[in-house]
Each structure stands twice: as structure tokens, then as C-alpha cells.
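# Commentary on secondary and tertiary structure
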Amino acid sequence: MSLKFLNPLFLSLLSLEILVIILYLIKPKRLRLKVPSLILWEKVLKEEPIGRWFKKLPKNLILLLQILTLLFIILYLSKPILSFERILGRPTIFILDSSASMTSEDIFPSRFERAKIEIINLSKNIHNKISLIIAKDKPYLLTSAGKNSDLERILSSEKPFLGEGNINSAITYAENLFPKESCDIHIFTDGTEELNIPKNSQNNYFIHVIGKKGRNLGIIDGRVFQKNERISQIFLKIGNFSDKSEEVPITVKESGKNIIKTRAYLQPKEIKTLTFEMPLLKGKIEASLDIKDDLSEDNTAYFYIPDFSPKILMVSMGNPFLEKALRSIPDTKVEIKRDIMNIEFKNYDFFIFDGLIPYFQFPGKFLFIGGYPGIDPNKIEKIGKVKILSWEDHPILRFVQLYGIQIDNAYIFKDEKLRPIIYSTRGPVGYYLKEDNMEGIILSFDLLSTSWIYRDSFPLFIYNLLKYMLSYDPQKQVQENLNFTGFYENPEDKKIYAINLFSQKESTIEPQITSQEVILAKKRPKEKAYVNLDLSYIFLFFALIAIIFEMFLYMGGRIYT
Amino acid sequence: MEKEKLDLEFLEKLEKLRLAVKRLRFRSHLGERKSPKMGRGTEFSDYRSYQVGDELRYLDWNIYARFEKFLVKLFEEEEDVEVHILLDASSSMDFGNPTKFFYGKKLALAFSYLSLSSWEKTTFSYFQDKIKETLPLERKKENIYRLLNLLNEIKAEGNTNITETVKKYASSLKRKGILIIISDLLSSEFEEGIIYARYKKMPVYLIHTICEEEISPFFSGNLTLIDSETGEKMDILLDEYMIQKYQKALEKFLNHIESFTMLYNVEYLRSITSIPIEDLILKYLRVGGWIK
């Protein structure tokens, strides 16, 4: 460690200190003024409380401050630089595995909480820049090049991700965080996932495995199917991830009521698929393993079977075939109007406009026959009598046989936002439209002028259309914004979803790897560097403080407000 | 200071003035002063109905002859009043232009002259921490020369102690009289002496002289202030802020004096030395009802 001055010539000004002392000694004394009485002046000073302690200060304090002020200014001007040699510390990156398996309670209070404590303890000895990456389904950088004091605050509010984690994407992220520097990367994981550490990395890896062989049985997959109109089937894939064989009680509930109670016997590491059949299920279904193990998140599976009873508005001058096709779908409520006046759009799930096309656009699902709102007359081409030749492989057209259907009077809509799905001999006659909050099918011909309405494919097409537009898959995996398992009602579409973990990787809580150090950058020489600390501004600061204090004293210990 | 010499020129202007002393209630020798008490004087004052015990010689027989009513003539009683003039001659009075002391001396001379002109028994004293000298002027107008000589001789010096001085002076009096105190009141706890004089039923006239530099100090900067009486020193940075604080303290001090004098029924007059003494006497004192 050494101190040097960039402008040493200024140090010669230190001799001015003597001048300050001489000036102080020869300075004219205070002007002495005789006044009739000090009675009133004493009253004035009594009201200034600061004056009391001011009187107790040494009388030559101002001289001392003047000497110090000059000294600090000279030191500031001479630019003192304190330089010391040190080994450059590597930046440290912590990767915290935040997958569902980290919630295992084989270690008190949990693997995740223990990992947080260990990171905080380790960071206390690290004084270089620290970064923290949380490995969830994606890596999340919580702090970059921060201080160790920040870590505790950041980690205290961090909760584990209850879904399937991806720690290797976090490693890739960490590799690219400081590409020009060699870092120490500390991975805190429960070792349930194999780590892909790049072999040519410039970083050192320290793998801290938190966890031991725990006891866990879990549901790793499941589904509820409708076998036919009366029977539902439940498939459950359960696994025993312990070293001992286990007999596990299983309960299935429909809307909170027990409908099945059974037991399953599983060998160590065995994965078994169970199937249950029962009368048609509806609503919220829960299947749970009634055991207490180290990972509770995978003990319950949630299913939701939505009720399909759409309300359909059909606006038509009269189409008995279409009406019949709609009414043949079970639980469907159809309302028919003969004009497009006073329609309450919010009361219906699906709209069919047969020949009567509204001039305005509206949100919702629809079938337009013969035209669509906002149609441009310049983009219509009449193609007359045609036959259907082919169609797109779309769920709406599943099992629908259209080939050879005769259309007496068809049009082609040359609109770029329309996607053709049914083609005639002279061009497309069926289109799919999806924009903003509108979705539906547009047929460019009158149904009554075709032979389609006499065929089986027509009610099938209508059924497919409604099912495709109005049904949804209620099963979801845990996500960053849905970090829980259970049922969830989406506030936007008011639909209910069942959220599950369903991950064999997370249910396997036994560590697959052990703690280790992977020193890839050890051949790199330790980089030494001189750290130069410019002290001039510190002295400038001191000089300002001394000047302010001196002014304060000169003013008689008063502060102006 | 030599220039500040008293002469008798302005006294001529006071010739026709008299000291108006209010509410005199003590018995004394008959003097020239009109007492509010009706009685044995020669100057007719009023009538009142005859009551049993009234002397018959005061009945107005002419009225009786005309209206057949017994009315008694009332006359103003004339009293003799002793006037005691006390002048503060401490160092603190030696400030201002003209000095408060010179101003005070001139006031003392004027009051003495007015008093003697009214044939009042007058006594002049000057004091510092105690009475330094007393000059009995009796009722002789020619004694004004003696007073003039004395006033020209004395100098302002030493400390003030109004309380002790007034207490001793008031207790030494055999007969009660009017007490006129001329001082700058820069004495700690001056009130006690005045309270004592009031306790002794003496009407007190307090003339507070104050100079311009006391009201708005014209000096500023880093100063050592020295008390003219005690020699005590005080280091102070005198700036606009401190001057404002001082002026507030002075205002408080003056308000205190005013409320004190009102409380104890003391006639109080404050005068800045920059007001010419002639103006003070001929205008302000007449308007204030001190003289008539």
C-alpha cells in the first residue's frame, strides 16, 4: 500500500499554515464598544440556546479549523492517491433451484429454506459482486453484481416454484451473465436433475446438494375421459419413489364428496397406472394419496370437467336444417331471431347469422353464412355453380365429408384476414376468421342452395364447430403466474382450470448427484491488480465541512433558519 | 460634553406653565395648588344644599332671598405640595446625542423651575447606587441658579441602583410629596423602589429617557460590548438578525415598564433624547396633562 501525490508541487503550499498562524496572532482584536448596559443584550443571548455551549468552546478553535481547512484544500489540490495491490476477486453467481422437489421436508424446514440459509451464510464471506439466479421453469435473475447485504433481503421474500424446474437453463443463463469474466458459480439444488455443466467453461462450479433420500409417493399424471354418455374414466399414474414398498390409500372426490376409496400396493420405484370407471363425472374432481410423505405437492391430482351447455343465437329468415342440427346437440339452448335488432350479445355463447349479416363487428364466436360484417363489396367475386373439392385438416372439419357437394350460387371473399378452409372447384367457399376477440367460420354460400344440408356431414360440422369454439382444456401445469396446485378460475374468461404438478422428475426427490466442485478455471493465474483510491475528494469534503463549521462558529454558534 | 451646558434661556418659555399634579389626597400646608377637595380656599367652586352642621357663614343669603333655598358656597381648597426630583446620574445615562444625562438634567431643571414657579417646596437630588447629593430649593425661585450650578458640575458615572435609592429616599421623607424620577431605567429590578414609593402613598412621575442608539444600534460586526456601568464584556456577532432580536427584547422591556406603571398607577413618560426638550415640555407634557 502506498500513498502518492499526482500534484506534489501543491504540498509546498503547506508553508502557508505558518502564515495563517501569524495572521491570527496579528489580527486586529474585536472592536470594543461601550454600551449603556448589557441587560438587554443578555436577554437576547438567553433566547439563543446555542450560545451557551458555544461559549464553552476553546477560543482558538477557529484557528484550528482554519489550519485544517487550508491543509485539506492543499491535500485536495495535490491529488493524493492511495494504491494497494490485491488479487481480483471473481464475481459470484448463485443459482438456486426452485423446483417443486425443493419443497421436500426431508430436511427441516425444507430443502428450499435450507438452501436460502446456506446461500446467505456463504455470501457473508464474499465481498465481490454477487448475482442470484432463481431456476424455475425459466431462469430469473434477481440481482446482478449486487452486494452480499442485498441477498438476505431478496431471498427472504422468495418462495419455491411448485412446478417443474429447469436448472440447466439457469446454468446457460449464468454462463452468459459475465462473458468476459471468470466467475464462481454456486449451484444450490436437491440434485434431482442432472446438471449439464459446459466443459469449456471459464467458470468454476460449486455444486451444493441439499437433500437426502426421502420418502415420497406421488401422482405423476392423470386424466378424466368420458367413455360414453353414461360413464367417465379416471386414469391415475402413481409412483413410489421410496426404497420401501408401500401400500397407499387413494380417495377420489367429486365436488367434495367421496366417490371412490381404494388402496394400491407399490413396489420400491414402481410406477403404476390405475383406472377407475364411474357414472358420468362433472365439475371438480380430486384424486389424492392419503399419506404423509416428504413431498406433499404431488399427493393430490385435480381435474375439472366443464359443463357443455352453450346458449346459441341463430339469426335467420328460416333454415329448418340448421335449426335441427343445433337442437340435436344435447344440453344446447338455441334461440332464433328473424332480425338483427336489439341483440344482447352478452347473453349468448355462440352466434349464427344465416343470410342476415350485421354491419358492425362484435366480440364472440360465430358462424356467418353468406357474408360477414365489414365485408368489402370490391373484394367479392361471384363464382356461381361449383362443387366442393377439398378442405383443410381442421378440427372443425374432422369426420366431415364434403367432397362433391353441389353449391348453386357461391362467392369468393378476397379478404387477407380470412383463412380459407373449404375449397370449391373455382376457389375457396369456407373461411376461418380470428382477430382480436372474434373467432368463427364464414361460409360464402347459402346453405339452402346446396345439397350439404341433406348429408350427415352437416350436423357433424355444426357439432364440431360448437365443440371446437366453446370447449377448452381445463388441465394446466403449474406456471410462474399460477404457482400453486388446485382449481383456478380465470378472471378474464371465467373458466375454471385444474392446476397440477404432474412431474416424475420432481416427484423423484432422491438426489441423483452429490456435492462437488467442478474447477474448470483453476489453470487461470490469479489476476493481480493495483487498486487506486483517489483521496482528493475526501479531503475536499473535509475542507467543506471545516469551512461550514468555521462559519458556524464565526456566526456565534447560530444557525439561520 | 462641555458643550452640553445648561442655561436659563428656555426656562423663560416655561414661565406661564404649572405642574399639574393629579389626585393629591394628603393633608398639607395651604399652598397655591388647587386641591380636588372642596373646602376653605378663597376661590368659589360650586353650590350644594345645606346640611346640618355646615357653618352658617358659608350660606348664600342672596340665593335664599331670591329662591328661599339654603345653598352652601363651596370653595377650592389650596394645598401645599412637596416636589422631589430624582435624577439618575449613572454612567449609562452618558449616551446619546444629546446625552440622556444632559436631557435628564434639562428636564430636572425644567420641573424644578415649574415647581418653584408654583410656590411648591422643591427638592432636587441626583443618585447613582445611592443618593449622591440633595439640594433643597425650598420655595425660592432664586434657588434655581444654585440648581443650575450643581447640574453643570455633576457628571454621569458609577452604577445605578434605583430600588435602593428610591427606597431610602422615600423612607427618609417626613412629609409625603410628589416623586419625579428621571432615569434610563437600565437597572435590574428598578420596580421594587417604585412600588415602595407607591406603598408610601407618594405619587410617582417616572420619566424614562432613551437615546437613539439604544433603539436601533448603529454598530455591527464582531464586537466586544462593554457595559458602561459594570465593565462587563460580551462577545457578539452583531448582524441584522441579532439587531432584530435586540429590538424585540427592547420592545418587550418597554412594554413591561408600561404595564408596570399602569398597574401601580405611576405616571410614565418615555422620551427619546432626539426630541427637543422645549417640544417635550411645551407640547407633549401639556398634551399629556402633566403641566398646564
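Refer to the preceding data block for the structure.
Because the structure is a prediction, the values reported are computed rather than measured.

### So, the overall build of chain B
- Along its length, chain B carries 8 helices and 10 strands.
- When the 292 residues of chain B are sorted by exposure, 52% land in the buried category.
- Taking all contacts inside chain B whose residues are at least 6 apart in sequence as the whole, residues at least 24 apart take part in 75%.
- Element-wise, carbon and sulfur atoms account for 49% of the exposed surface of chain B, whose accessible area totals about 14,900 Å².

### Examining the interface of chain B and chain A
- Taken together, the contact pairs 33 residues of chain B with 22 residues of chain A.
- Both sides of the chain B and chain A interface together cover about 3,000 Å² of buried area, and 67% of this is carbon and sulfur.
- Contact with chain A buries area across many residues of chain B, yet B:Asn222, B:Ile226 and B:Met234 alone supply 19% of it, more than any other trio.
- Scanning the region where chain B abuts chain A turns up 0 salt bridges.
- Mapped by element, the contributors of at least two residues to the side of chain B that touches chain A are β8 (221–227), β9 (233–238) and α7 (240–263) of chain B.
- Looking at the side of chain B that touches chain A, the element that brings in the most residues is α7(B), giving 8 residues.
- Relative to β8(B), strand β2 (residues 31–35) of chain A runs parallel, the two being bridged by 5 bridges. Within the sheet, the bridge partner assigned to A:Val35 lies in β8(B) and is B:Asp227.

### Observations regarding unusual backbone geometry
- Of note, the amide linkage connecting A:Phe108 to A:Pro109 takes the cis form, showing an omega dihedral of -10°.
- Mapped onto the elements of the fold, A:Pro109 is located in the loop between β4 (92–97) and α5 (111–123).
- Geometrically, the link from B:Asn97 to B:Pro98 is a cis peptide bond, its omega value of -5° lying close to zero.
- In this structure, B:Pro98 sits in the loop between β3 (82–88) and α2 (100–117).
- With phi around 45°, A:Asp436 is a residue other than glycine that occupies positive phi space.
- The topology assignment puts A:Asp436 in the loop between β23 (427–435) and β24 (438–443).
- Its identity as a non-glycine residue notwithstanding, A:Phe502 has a phi of 40°, on the positive side.

### A short note on the sheet that holds strand β27 (residues 496–500) of chain A
Residues and elements named next belong to chain A.
- The sheet built from 3 strands is open, its strands ordered β25-β27-β26 with mixed pairing. This sheet does not close on itself; its edge strands, each paired only once, are β25 (475–477) and β26 (486–489). Going from strand to strand, the sheet's axes swing by 40° on average, the running direction of each strand aside.
- Pairing analysis gives 3 bridges linking β25 to β27, with the strands arranged parallel. By the bridge assignment for β27, lysine 476 is matched with isoleucine 499.

### Remarks on the pattern of salt bridges
All names here are of chain A.
- On inspection of all chains with the given rule, the structure shows 25 salt bridges over all chains.
- With a shortest N-O distance of 3.4 Å, lysine 136 and glutamate 480 are connected by a salt bridge. Residue lysine 136 is found in the loop between β5 (130–135) and β6 (139–146), and its partner glutamate 480 is found in the loop between β25 and β26; the two are separated by 344 residues along the sequence.
- With a closest N to O distance of 3.7 Å, lysine 417 and glutamate 435 form a salt bridge. Here lysine 417 is found in the loop between β21 (406–413) and β22 (418–424), whereas its partner glutamate 435 is found in strand β23, with 18 residues between them in sequence.
- A residue is classified by how much of its surface remains accessible, and glutamate 435, at 21% relative accessible area, is partly exposed.
- Shared partners join several salt bridges into a network, and the residues in it are Asp106, Arg111 and Asp190.

### Describing the side chain of B:Lys105
- Mapped onto the elements, B:Lys105 comes out in helix α2.
- Not counting chain neighbours up to four residues away, the residues in contact with B:Lys105 comprise B:Leu6, B:Leu87, B:Leu151 and B:Ile154.

### What about the pairing of strand β8 (residues 204–209) of chain A?
Residue and element names in this part refer to chain A.
- Of all 6 residues making up β8, 5 are buried, and the element is well covered by its neighbours.
- Sheet topology places strand β7 (residues 184–189) next to β8; 6 bridges connect them, and they run parallel. Looking across to β8, one finds that threonine 189 is bridged to valine 209.

### Some remarks on α5(A)
Residues and elements named next belong to chain A.
- Its 13 residues place the ends of α5 18 Å apart at the C-alpha level, agreeing with the 18 Å of an ideal helix rising 1.5 Å per residue.
- Along α5, the positions that sit buried rather than exposed are Arg111, Phe112, Ala115, Lys116, Ile119, Ile120 and Ser123.
- Packing partners of the buried residues in α5 comprise β4, β5, α6 (148–156) and β7.

### Notes on a nonpolar patch on the surface
Residues and elements named next belong to chain A.
- A surface patch of nonpolar side chains, about 890 Å² in accessible area, is lined by Phe10, Leu13, Leu16, Ile18, Leu19, Ile21, Ile22, Leu23, Leu25 and Ile26.
- Mapping leucine 23 onto the fold places it in helix α1 (residues 16–26).
- Judged by its relative accessible area of 48%, leucine 23 falls in the partly exposed class.

Conventions adopted
Throughout, residues of each chain are indexed from 1 in the direction in which the sequence is written. Here every chain gets a letter starting at A, and every ligand a number starting at 1, in the order they are written. Only residues with pLDDT of at least 70 are given local features in this predicted model, and only at 80 or more are side-chain atom pairs given and counted; all residues enter the totals for whole chains, interfaces and linings. Excluded from the side-chain calculations are hydrogens and water; all other atoms, namely the structure's heavy atoms, are used. Here a helix means four or more residues in a row that DSSP labels H or I, a strand means two or more in a row labelled E, and each is numbered from the N terminus. For the exposure calls, accessible area comes from a 1.4 Å probe over protein chains only, and a residue counts as buried if that area is under 20% of its type's maximum, exposed if over 50%, partly exposed in between. Any two residues having at least one pair of non-hydrogen atoms within 4.5 Å are treated as being in contact. Only the protein chains shown count as cover for residues, and all accessible areas are computed by the Shrake-Rupley method using a 1.4 Å probe. Buried area, as used here, totals the accessible surface that two parts lose on assembly, with accessibility defined by a 1.4 Å probe and the loss added over both. Here, a salt bridge means any Lys or Arg side-chain nitrogen found within 4 Å of an Asp or Glu carboxyl oxygen. Strand pairing is assigned whenever DSSP detects at least two bridges linking the two strands. Lines fitted to C-alpha atoms define the axes, with helix axes restricted to the stretch in contact, and inter-axis angles between N-to-C directions lie between 0 and 180 degrees. A helix is expected to reach a length of 1.5 Å times the quantity of its residues less one. The patches reported here contain residues having more than 30% relative accessible area and no salt bridge. Joining distances are 9 Å for like charges and 5 Å for nonpolar side chains (Val, Leu, Ile, Met, Phe, Trp, Tyr).

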